[in-house]
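# Coordinates in review
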Amino acid sequence: MKALFISGSPRKRSNTDYLLEITRSVTGGKFIKLSDYDINPCNSCRSCLKLRKCVIKDDMELIYPMLLESEVIVLGSPVYFNNVSAQMKAFMDRTWCIRGKLRNKIGGAIVVGRRYGIESAITAINAFFLKHEMIPANRGVCGIAFEEEEIQNDLEAINAARELGHRIKELENLKLK
């Protein structure tokens, strides 16, 4: 299974990364942090409507092939102002040029926040999956944390991250039949 885990957290060794790594330990796959890439926001030039590719020259050119060859895409983000991080939102917006090419890939959502805004961030990620006609593995994993390494105290989120990995494997097996 070719799985791609994408962290929208700008923090090193973040709570979001911790949960992503738990899911990845079940499925295997590649892990990337958006903060390690230079990704500009969409400028609404609409060139992708004609060209079927983005005209912005930045590190999304490195990420597009990873997305296209993966079978599973798991997005993880901290909750910022009741939504995904700016890094994750810029990434999501920039995938409009590959619409139709992620169809039927399995998607997984992981967010970490302080008790408020988590549902909005999960909804944003799941809306991304549905816009691309992907298959959400489940409703998503919600972790409660703010301070560094605090997520390690959220046993429910840790278990949910592990279960997300098992659900992804289950869906992948169904697709193979």
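A short tour of the structure in this document, coming up. Quick caveat: nothing in here was measured; it's all calculated off a predicted structure. (Residues numbered from 1 in each chain as written. Predicted model: local features only at pLDDT ≥ 70, side-chain atom pairs only at ≥ 80, totals over all residues. Heavy atoms only, no water.)

### Some words on the side chain of His132
So the rule is basically this: Helix numbering and strand numbering both begin at the N terminus, where a helix is a DSSP run of H or I of at least 4 residues and a strand a DSSP run of E of at least 2. The term polar contact refers here to a pair of N or O atoms within 3.5 Å; inside protein, the definition further demands a hydrogen-donor-capable atom paired with an acceptor-capable atom, and it admits residues adjacent in sequence only when both atoms are side-chain atoms. Between two residues, a contact is recorded if the distance between any of their heavy atoms is within 4.5 Å.
Summarising the element assignment, His132 is placed in the loop between helix H5 (118–131) and strand S5 (135–136). Engagement of the side chain of His132 in a polar contact is seen with the side chain of Thr95, the distance being 2.8 Å. In this view, His132 contacts Thr95, Ile98, Arg99, Leu102 and Arg103; residues no more than four positions away in its chain are not counted.

### Things to note about the nonpolar core
Filter applied, for reference: Among buried residues, those of type Ala, Val, Leu, Ile, Met, Phe, Trp, Tyr and Cys that are joined through side-chain atoms within 4.5 Å constitute a nonpolar core. Throughout this description, buried means an accessible area under 20% of the type-specific maximum (1.4 Å probe, protein chains only), exposed means over 50%, and partly exposed covers the range between.
Judged by nonpolar contacts, the single largest core of 34 residues is most densely connected at Ile6, Ile63, Leu67, Leu75, Met88, Phe91 and Phe128. Of all the elements in the fold, those that place two or more residues in this core are strand S1 (3–7), helix H3 (60–69), strand S3 (72–78), helix H4 (86–93), strand S4 (106–113) and H5. Not counting residues within four places of it along the chain, the set of residues in contact with Met88 comprises Ile6, Ser7, Gly8, Leu34, Leu75, Gly76 and Ser77. Ala3, Val72, Ala157 and Leu171 belong to the second-largest nonpolar core, a separate cluster that totals 20 residues.

### With respect to the layout of surface pockets
Here is the rule we go by: A cavity here means a set of points on a 1 Å grid, drawn over the protein atoms and nothing else, where a 1.4 Å probe fits but cannot get out; a pocket is an open set with protein on both sides within 12 Å along at least five of seven lines, and a residue lines either one if it has an atom within 4 Å of a point. Grid points are joined across faces, edges and corners, and a volume is the space filled by probe spheres set on the points. Under the scheme applied, nonpolar residues are Ala, Val, Leu, Ile, Met, Phe, Trp, Tyr, Cys and Pro; charged residues are Asp, Glu, Lys and Arg; polar residues are all the others, including Gly.
The volume enclosed by the largest pocket comes to roughly 410 Å³. At the level of elements, helix H2 (47–51), H4 and H5 are the ones that each hand at least two residues to the lining of the largest pocket. Considering only residue class, the lining of the largest pocket consists of 13 nonpolar, four polar and six charged. Space inside the second largest pocket adds up to approximately 270 Å³. Broken down by secondary-structure element, the contributors of at least two residues to the lining of the second largest pocket are helix H1 (15–27) and S4.

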